[in-house]
Amino acid sequence: MKIWLDGGLQDLESARVSVLDHGLTVGDGIFETVKAVDGRPFALTRHLDRLTRSARGLGLPDPDLDEVRRACAAVLEAEPVPLGRLRITYTGGYGPLGSDRGDQGPTLVVAVGATKRRPDATAVITVPWTRNERGALAGLKTTSYAENVVALARASQQGASEALFANTVGQLCEGTGSNVFVVLDGEIHTPPVASGCLAGITRALTVDWTGAKETALTLDVLERADEVFLTSTLRDVQAVRRVDGRELPGAPGPVTAKAMRIFDERAGNDLDP
């Protein structure tokens, strides 16, 4: 594996970031996960736009997107996997042990690893912790991910691949690394960004391509929805077959199955929609 760091490719064994990098000491960083198909990134322009929005939201300098594109191309050329997870990480760089930033500039790391296509259906759980829709990090894709690690570990313990959060006012929000959609009376709904969820790239494409509605929904909608599905960079559109103890037999249902077909067709026709 080759890693882009400090302006060029390095071997995995020699690529090193300072132990005082602010991304490590206080989680002062942002990232994007981009799907790579046969050595080419999917929806890279949208991901880079969000990378810039996240940087501004965190108060980091705008990333040099030309360098990020060069880095992505370089690591993909070095490791042209059939299906890959392209990870772009951008941190506050070398800094003090406290929360104040240093003045040596940000760190950019780009790497890619092979992955496998997800199953068509999965199980999810809900967790008692909440997303803060009014927090400083709401809607930003930051490296401050420990909350998601804890929730995902609980999901794994219960035989699920994802954990779903409500926000502080009891509305359905998002998963640890996915957006959630529900089908009610044949119509597709997903929480609005105002709920505190991440403005997912796959979420936006699914809304555009299926006509899904952005709707404020209470968490208990999961108890009555006809169908439930997740979207994310590596899940694409994935049906949910179980929510907590509730089985959704036949998943993917007809509406979800259609959404899956539409996404696969549209994404296959345009790698940078």
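Coordinates for the structure precede this section.
Residues numbered from 1 in each chain as written. Predicted model: local features only at pLDDT ≥ 70, side-chain atom pairs only at ≥ 80, totals over all residues. Heavy atoms only, no water.

Participant: Quick question: what am I supposed to make of helix 2 (residues 44-58) here?
Facilitator: Three or four residues apart is the spacing at which side chains of an α-helix point the same way, because the helix has 3.6 residues per turn. Under the 1.5 Å per step criterion, the end-to-end length of helix 2 is 21 Å for 15 residues, consistent within 8% with the ideal 21 Å. Three or more residues of helix 2 are buried, namely Leu44, His47, Leu48, Arg50, Leu51, Thr52, Ser54, Ala55 and Leu58. In this structure, the buried residues of helix 2 make contact with strand 3 (29-37), strand 4 (40-41), helix 3 (65-78), strand 5 (83-91) and helix 5 (201-210). A positive backbone phi angle near 85° is found at glycine 59, which sits one or two residues after helix 2. (Helix = DSSP H or I, 4+ residues; strand = E, 2+ residues; numbered from the N terminus. Expected span 1.5 Å × (residues − 1). Buried < 20%, exposed > 50% of the residue type's maximum accessible area, 1.4 Å probe, protein only. Contact = heavy atoms within 4.5 Å.)

Participant: Sorry if this is basic, but what is going on with the side chain of threonine 176 here?
Facilitator: With respect to the helices and strands, the residue threonine 176 is situated in the loop between strand 9 (172-175) and strand 10 (179-184). With a relative accessible area of 7%, threonine 176 lands in the buried category. Each residue touching threonine 176, except ones within four places of it in the same chain, is listed here: Arg131, Tyr145, Asn148, Ala151, Leu152, Glu162, Ala163 and Phe165.

Participant: Help me understand the pairing of strand 8 (residues 162-167) in this model?
Facilitator: On a regular strand, each side chain points to the face opposite its neighbour's, so the side chains alternate between the two faces of the sheet. For strand 8, the buried fraction is high: six of the six residues fall into the buried class. Pairing geometry for strand 7 (residues 121-131) and strand 8, over five bridges, is parallel. Bridge pairing links arginine 131 to asparagine 167 in strand 8. For the crossover from strand 7 across helix 4 (residues 146-157) to strand 8, the handedness is right-handed. Pairing geometry for strand 8 and strand 9, over three bridges, is antiparallel. For alanine 166, the partnering residue across the bridge sits in strand 9 and is leucine 172. Turn length for the strand 8-strand 9 hairpin, with the two strands adjacent in sequence and antiparallel, is four residues, and the turn residue glycine 170 shows positive phi of about 85°. (Pairing = 2+ DSSP bridges. Right-handed = clockwise from strand over helix to strand, strands pointing away.)

Participant: What's the story with the sheet that holds strand 3 in this structure? I'm lost.
Facilitator: What holds strands together in a sheet is hydrogen bonding between their backbones, with the strands either parallel or antiparallel. The sheet built from six strands is open, its strands ordered 2-1-6-5-3-4 with antiparallel pairing. Because the sheet does not close on itself, it has two edges, and the strands there are strand 2 (8-11) and strand 4. Where strand 1 (residues 2-5) meets strand 6 (residues 107-114), two bridges bridge the pair, whose relative direction is antiparallel. Paired with tryptophan 4 across the bridge in strand 6 is valine 110. Each of strand 3, strand 4 and strand 5 touches helix 2; the most contacted strand, strand 3, lies at about 175° to it. Of the strands in this sheet, strand 1, strand 2, strand 3, strand 4, strand 5 and strand 6 touch helix 3, which is tilted by about 165° from strand 1. (Axes fitted to C-alpha atoms, helices over the stretch in contact; angles between N-to-C directions.)

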